[in-house]
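So the chains spell out like this:
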Amino acid sequence: MTLQLLKSKIHRASVTDANVNYEGSLTIDRALMDTVGMHAYERVLCGNLANGERFETYAIAGEANSGAIILNGATAHLGKDGDLLTIMSFASATEAEAADWKPKVIVLGENNAIIGTG
């Protein structure tokens, strides 16, 4: 049996822009992605703390250290600048791997700077 476990989590990411004319995805600062081990084109599940919307899309890497969190395409309708998102990715693991599994988690503050890990 395999389990779906939280692999990466970026908590309290502030939306910096929304672009409805882009094909779709979520642009995330490359440095933030690297910190939690998230990959370009990886499926992500997002929760918008401002309006309760939950949506699934894929991550694309933005400029490193830019603080960019950009809703693209249809997801641009699910939030606005300043909304706080929880961005999560998951991985399959065996029961043995799950026994001591630790997801990579960061908490963001002002300008999407990392203020904590967990």
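Residues numbered from 1 in each chain as written. Predicted model: local features only at pLDDT ≥ 70, side-chain atom pairs only at ≥ 80, totals over all residues. Heavy atoms only, no water.

A short note on the sheet that holds strand β8 (residues 104–108)
- Reading across from one edge, β2-β6-β3-β5-β4-β7-β1-β8-β9 is the order of the nine strands in this open sheet, with mixed pairing throughout. Only two strands of the sheet have a single neighbouring strand rather than two, namely β2 (17–19) and β9 (114–117). Here the average twist between neighbouring strands, direction ignored, is 30°.
- Relative to strand β7 (residues 84–94), strand β1 (residues 2–14) is paired through eleven bridges, and the arrangement is antiparallel. The partner of Leu6 across the bridge, within β7, is Phe90. (Pairing = 2+ DSSP bridges. Helix = DSSP H or I, 4+ residues; strand = E, 2+ residues; numbered from the N terminus. Axes fitted to C-alpha atoms, helices over the stretch in contact; angles between N-to-C directions.)

Section: the nonpolar core
- Membership of the largest hydrophobic core comes to 20 residues, with the highest contact counts inside it found for Ile10, Leu26, Ile28, Met38, Ile69 and Ile87.
- Of all the secondary-structure elements, those providing two or more residues to this core are β1, β3 (25–29), α1 (30–36), β4 (43–48), β5 (54–62), β6 (69–72), β7 and β8.
- When residues in this core are grouped by element, the largest group, three residues, is from α1.
- Those residues in contact with Leu26, other than ones at most four positions away along the chain, are Val44, Cys46, Thr57, Tyr58, Ala59, Ile60, Ile69, Ile70, Leu71, Asn72, Leu85 and Ile87. (Core = buried A, V, L, I, M, F, W, Y, C linked by side-chain atoms within 4.5 Å. Buried < 20%, exposed > 50% of the residue type's maximum accessible area, 1.4 Å probe, protein only. Contact = heavy atoms within 4.5 Å.)

Some points on the side chain of Asp29
- Topologically, Asp29 is positioned in strand β3.
- For Asp29, which is buried and forms no salt bridge, the nearest opposite charge comes from Arg30, at a distance of 7.8 Å.
- Contacts of Asp29, omitting those with residues within four sequence positions, involve Gly62, Glu63, Ala64, Asn65, Ser66, Gly67 and Ala68. (Lys, Arg positive; Asp, Glu negative; His and termini not counted. Salt bridge = Lys/Arg side-chain N within 4 Å of Asp/Glu carboxyl O.)

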